[in-house]
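Chain by chain, the residues run as shown.
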Amino acid sequence: MPDSPIAYGAGDTAIEQVNAMFRFTPQAKALGVTVTKTAKGRAWGRVPYRAELVGDPDTGVIAGGVLTTFLDQLCGAAAILAMNQPTVVATIDLRIDYMRPAQPGRDVLAEAHCTKLGKNVAFVRATAYEDTPDNPIAHVTSAFAINARKPKAKP
Amino acid sequence: MNPQERLAAALARIPYAQFLGVRAELKGDELTLILPFAEHLIGNPLLPALHGGVVGALMELTALTQLAIASKSEAFPKTIDINVDYLRSGKPVDTFARARVVKIGRRIANVQAEAWQAERANAIAAMHGHFMLPDDTVLTPGQN
């Protein structure tokens, strides 16, 4: 098995590799999370609205937990996209502020930005919205542990 | 309906709780949510480990449900913010969560939650968050 998370699947471009990584993640695949655009240290993504992901049956609003998983996944991708040598990341902490409920029936979009890639820790912020980030559903602040690769012993 | 049945009915009405496969157990006023392991909950197939978002979702759901019990409300509160600390990776086994209502104010409540697997003492994650109470919340003396 590959130890680089973005070497899981076929694909020459970063966006294809990140989407391959998401398809390789059962819970991201179950939610239908995809990446729509990438840049250095940045990822844009989408989680489609589905009736089975509703958290409030009276209003039809998507569950907070769906956004937690989506945003955790997208922030992790932004951290990996900041690296020259992609490696595995693990969430240390994740804070989500909910500004308003998501609109029922609509896909949720988000963009994540790795604001600092340290040697051991990456810091990532994200915003979730339906149309534009200036009308946010939620803001995220997160930190990820970077699993540094052990250097291979020279023969 | 007894409280356990009412709780099961409330959870059964939440599609996302069914998507995760969450069950609830109520002993007195103490709630435990149980997330039986399932393949689709995996976040890292190499380890393998549960998805951090799923563990966060379980604790948020526990906090919301415990708060609904504590505030004697029929409706669920709304999440204002959550902070999730990940302490160890979630193994591909059943996960449990309990929440403690720290403070119920007039409109906002503060709740802490923990998730664990084999041993209660070794939490895999912790959460604290703030929740907006529904309008029908009944405050009992001493709670505010």
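Residues numbered from 1 in each chain as written. Chains lettered and ligands numbered in written order. Predicted model: local features only at pLDDT ≥ 70, side-chain atom pairs only at ≥ 80, totals over all residues.

A.B. asks: Go over the overall build of chain A with me, naming the residues and quoting the values.
C.D. replies: A tally of helices and strands in chain A yields three helices and eight strands. Mapped in sequence order, the helices and strands of chain A form the string α-α-β-β-β-β-α-β-β-β-β. A total of 155 residues make up chain A; the buried ones form 44% of that total. (Helix = DSSP H or I, 4+ residues; strand = E, 2+ residues; numbered from the N terminus. Buried ≥ 20, exposed ≤ 12 C-beta atoms within 10 Å, placed from the backbone.)

A.B. asks: Before we move on, can you summarise the pairing of strand β6 (residues 95-104) of chain B with the specific residues and values?
C.D. replies: All names here are of chain B. Taken together, the three bridges between strand β2 (residues 30-35) and β6 define a ladder with antiparallel strand orientation. When the sheet's bridge partners are listed, leucine 33 is paired in β6 with alanine 97. Counting the residues between successive antiparallel strands, the hairpin from β6 to strand β7 (residues 108-116) contains three residues. (Pairing = 2+ DSSP bridges.)

A.B. asks: Could you give an account of helix α1 (residues 14-23) of chain A, with specific residues and numbers?
C.D. replies: Helical periodicity: at 3.6 residues per turn, an α-helix aligns residues three or four positions apart in one direction. All of the buried residues in α1(A) are Gln17(A), Val18(A), Asn19(A), Met21(A) and Phe22(A). Taken together, the buried residues of α1(A) touch α2 (26-31), β1 (34-39), β2 (42-47) and α3 (64-81) of chain A. (Contact = placed C-beta atoms within 7 Å.)

A.B. asks: Can you break down unusual backbone geometry residue by residue, with the values?
C.D. replies: Each neighbour pair has its own omega, and for Leu47(B) with Pro48(B) the value is -15°, a cis peptide bond. Relative to the helices and strands, Pro48(B) is located in the loop between β3 (42-44) and β4 (49-50).

A.B. asks: Which residues make up the interface of chain A and chain B, and what values do they have?
C.D. replies: Counting residues at the interface gives 30 residues for chain A and 30 residues for chain B. Elements with a minimum of two residues in the side of chain A that touches chain B: α2, β3 (54-56), α3 and β5 (89-98) of chain A. If one sorts the elements of the side of chain A that touches chain B by residue count, β5(A) sits on top with nine residues. For the side of chain A that touches chain B, the class distribution of residues is 15 nonpolar, nine polar and six charged. Of the pairings in the sheet, the one linking β5(A) to strand β5 (residues 78-86) of chain B comprises five bridges and is antiparallel in character. The partner of Arg95(A) across the bridge, within β5(B), is Asn83(B). (Nonpolar A, V, L, I, M, F, W, Y, C, P; charged D, E, K, R; others polar.)

A.B. asks: Explain the packing of α3(A) against helix α3 (residues 52-70) of chain B residue by residue, including any values.
C.D. replies: Taken N-terminus to C-terminus, the directions of α3(A) and α3(B) make an angle of 155°; their axes are 8 Å apart at the nearest point. Between α3(A) and α3(B), the angle is such that the two are roughly antiparallel. Read as a crossing pair, α3(A) and α3(B) show a hand that is right-handed. In this structure, α3(A) contributes Gly64(A), Gly65(A), Thr68(A), Thr69(A), Asp72(A) and Gln73(A) to the contact, and α3(B) contributes Gly52(B), Gly53(B), Val54(B), Gly56(B), Ala57(B), Glu60(B) and Leu61(B). (Axes fitted to C-alpha atoms, helices over the stretch in contact; angles between N-to-C directions. Parallel < 35°, antiparallel > 145°, perpendicular 65-115°, else oblique. Left-handed = near helix turned anticlockwise from the far one by under 90°.)

A.B. asks: Give me the confidence of the model for chain B: which residues, what numbers.
C.D. replies: Per-residue confidence for chain B gives a mean pLDDT of 91, with 94% of residues at or over 70. Model confidence for the complex is summarised by a pTM of 0.91, with the ipTM given as 0.92. (pLDDT = per-residue confidence, 0-100.)

A.B. asks: Explain the sheet that holds β5(B) to me, and be specific about the residues and the numbers.
C.D. replies: One open sheet accounts for 12 strands, arranged β1(A)-β2(A)-β6(A)-β7(A)-β8(A)-β5(A)-β5(B)-β8(B)-β7(B)-β6(B)-β2(B)-β1(B); its pairing is antiparallel. Of all strands in the sheet, those with a lone pairing partner are β1 of chain A together with β1 (23-27) of chain B, marking the two edges. Direction aside, the axes of adjacent strands within the sheet are offset by 20° on average. Inspection of the sheet shows β2(A) paired to strand β6 (residues 108-117) of chain A by six bridges, in the antiparallel sense. In the sheet register, Ala43(A) faces β6(A), and the bridge partner there is Ala112(A). Sheet contacts for α3(A): β1, β2, β5, β6, β7 (121-129) and β8 (138-146) of chain A together with β5 of chain B; angle to β6(A), the most-contacted strand, approximately 40°.

A.B. asks: Hey, could you go over the nonpolar core for me, with residue numbers and the actual values?
C.D. replies: The nonpolar side chains of a soluble globular protein tend to be buried, and buried together. In terms of nonpolar packing, the biggest core is built from 86 residues, with Ala78(A) and Leu58(B) touching the most fellow members. If you tally residues by element for this core, the top one is α3(A), at 11 residues. In contact with Ala78(A), other than residues within four places in its own chain, are Gly41(A), Arg42(A), Ala43(A), Ala112(A), His113(A), Cys114(A) and Val124(A). (Core = buried A, V, L, I, M, F, W, Y, C linked by C-beta atoms within 7 Å.)

A.B. asks: Residue-level account of the environment of Val18(A), with values.
C.D. replies: Residue and element names in this part refer to chain A. Position of valine 18 relative to the elements: it lies in helix α1. With 28 C-beta atoms packed within 10 Å, valine 18 lands in the buried category. Taking the C-alpha atoms as reference, valine 18 lies 9.8 Å from threonine 36; in sequence the two are 18 residues apart.

A.B. asks: Outline α3(B), listing residues and values.
C.D. replies: Here α3(B) is 19 residues long and its end C-alpha atoms lie 27 Å apart, about the 27 Å a rise of 1.5 Å per residue gives. Within α3(B), 17 of the 19 residues are buried, which leaves the element mostly enclosed by the surrounding structure. (Expected span 1.5 Å × (residues − 1).)

A.B. asks: Residues and numbers for the environment of Val93(B), please.
C.D. replies: Residues and elements named next belong to chain B. Note on placement: valine 93 falls in the loop between β5 and β6. In sequence terms valine 93 and leucine 31 are 62 residues apart; their C-alpha atoms lie 20 Å from each other. Other than its neighbours up to four places away in sequence, valine 93 contacts Phe37 and Gln117.

A.B. asks: Explain the pairing of β2(B) residue by residue, including any values.
C.D. replies: All names here are of chain B. Burial of the side chains of β2 is restricted to one face: Leu31, Leu33 and Leu35 are buried, whereas none of Glu30, Thr32 and Ile34 on the reverse face is. Looking at chain direction, β1 and β2 are connected through five bridges and run antiparallel. What sits directly across from alanine 24, in β2, is leucine 33. Connecting β1 to the antiparallel partner β2 that follows it, the hairpin turn spans two residues, and glycine 28 within it adopts a positive phi of roughly 65°.

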